[in-house]
There are 2 protein chains.
Amino acid sequence: MYEKKIPKDFSCGMAVLMEIIGGKWKSYLLFLIGKGVRRPSELHRQVPAATKRVLNLQLKELEFHGIIGKDIYPELPPRVEYFLTDFGQSLMPVINAMDNWGSGYVGEFRQLMERKSELSGIHN
Amino acid sequence: MYEKKIPKDFSCGMAVLMEIIGGKWKSYLLFLIGKGVRRPSELHRQVPAATKRVLNLQLKELEFHGIIGKDIYPELPPRVEYFLTDFGQSLMPVINAMDNWGSGYVGEFRQLMERKSELSGIHN
DNA sequence: CAGAATCCAAATAGATACTG
DNA sequence: CAGTATCTATTTGGATTCTG
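Residues numbered from 1 in each chain as written. Chains lettered and ligands numbered in written order. Predicted model: local features only at pLDDT ≥ 70, side-chain atom pairs only at ≥ 80, totals over all residues. Heavy atoms only, no water.

Draft legend 1. Quick peek at the overall build of chain A. The helix and strand tally for chain A stands at six helices and two strands. Beginning at the N terminus, the succession of helices and strands in chain A can be written as α-α-α-α-β-β-α-α. Looking at chain A as a whole, 43% of its 124 residues are labelled buried. Taking all contacts inside chain A whose residues are at least 6 apart in sequence as the whole, residues at least 24 apart take part in 46%. Of the roughly 7,300 Å² that chain A leaves accessible, carbon and sulfur atoms contribute 53%. (Helix = DSSP H or I, 4+ residues; strand = E, 2+ residues; numbered from the N terminus. Buried < 20%, exposed > 50% of the residue type's maximum accessible area, 1.4 Å probe, protein only. Contact = heavy atoms within 4.5 Å. Areas by Shrake-Rupley, 256 points an atom, 1.4 Å probe, with all protein chains shown as cover.)

Okay, structure coming up:
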């Protein structure tokens, strides 16, 4: 399995939360699963910029921390459905607070990023 | 300057927030500055595990996003004091919500990490 | 004390091809 | 469809040294 070499300090609640939801796509995944998007292929369709591999890795971490669970139906073709655990549900208000705050800043944030791009000559 | 090559998608408020506070030590820094720890040397003393360089990088990012500001006193020896902007203040309730949730999970989290370490044979 | 410069290590993500 | 394996690229953080 994966072995981290640099110790992290989890004395602070923030650090614990960041460890749990800190991946690049975990917030989307939680958001979507919270909205009822359950199957891996659907999730991938909603977040096409990420590869299956990365989504799977992050889903595994969320599962490891008990935030989500999965039902596996041994059919053909195989079917898997993710869901929020009770513990995961307890996280949703925090997620929503984070999303709300961020949403209020999206516009200004984009401008800031454009200014930054101009300065360094990048034009996506 | 630093040029990112992989585009990020900030359509979601969560992603914006994570971009702003997502660094390894930013949460500590905000927490400490919010508590009134102002000077770089003090901050470094409170977070000795991080190097000055990294703390500076993260402080700069927080400053770039308008979360914190700094007063520079051109004295000898030089003195710098960070402070939360109004915008940064607006973030604190979210930070606190995140910290509270995480704090409630610290114990269980540590156990989980130990179990993980046992499995892979790591004993820090 | 504050912080920039350089070099390097670790962590994380992406591309692609493959299996049941 | 779901998931893994392998390889590569990018991003981020750490160590050290140096300056005013």
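Read on for the rest.
Draft legend 2. Region of the structure containing the protein's contact with DNA strand D. Residues in close proximity to DNA strand D total 27 residues, the closest being Ser41(A), Lys52(A), Lys70(A), Lys5(B) and Ile6(B). Here, DNA strand D places atoms within 4 Å of the protein, and 67% of those atoms are sugar or phosphate. Side-chain polar atom of Lys70(A) to a phosphate oxygen of DNA strand D: 2.7 Å apart, as the coordinates give it. A distance of 2.9 Å separates a phosphate oxygen of DNA strand D from a polar backbone atom of Lys24(B). Contributions of two or more residues to the surface near DNA strand D are made by α3 (40–46), α4 (52–64) and β2 (79–84) of chain A together with α4 (52–64) of chain B. When residues of the surface near DNA strand D are assigned to their parent elements, the largest contribution, four residues, is made by α4(A). Of the residues in the surface near DNA strand D, the class split is eleven nonpolar, five polar and eleven charged. (Near = heavy atom within 4 Å. Polar contact = N/O pair within 3.5 Å; in protein donor to acceptor, adjacent residues only side chain to side chain. Nonpolar A, V, L, I, M, F, W, Y, C, P; charged D, E, K, R; others polar.)

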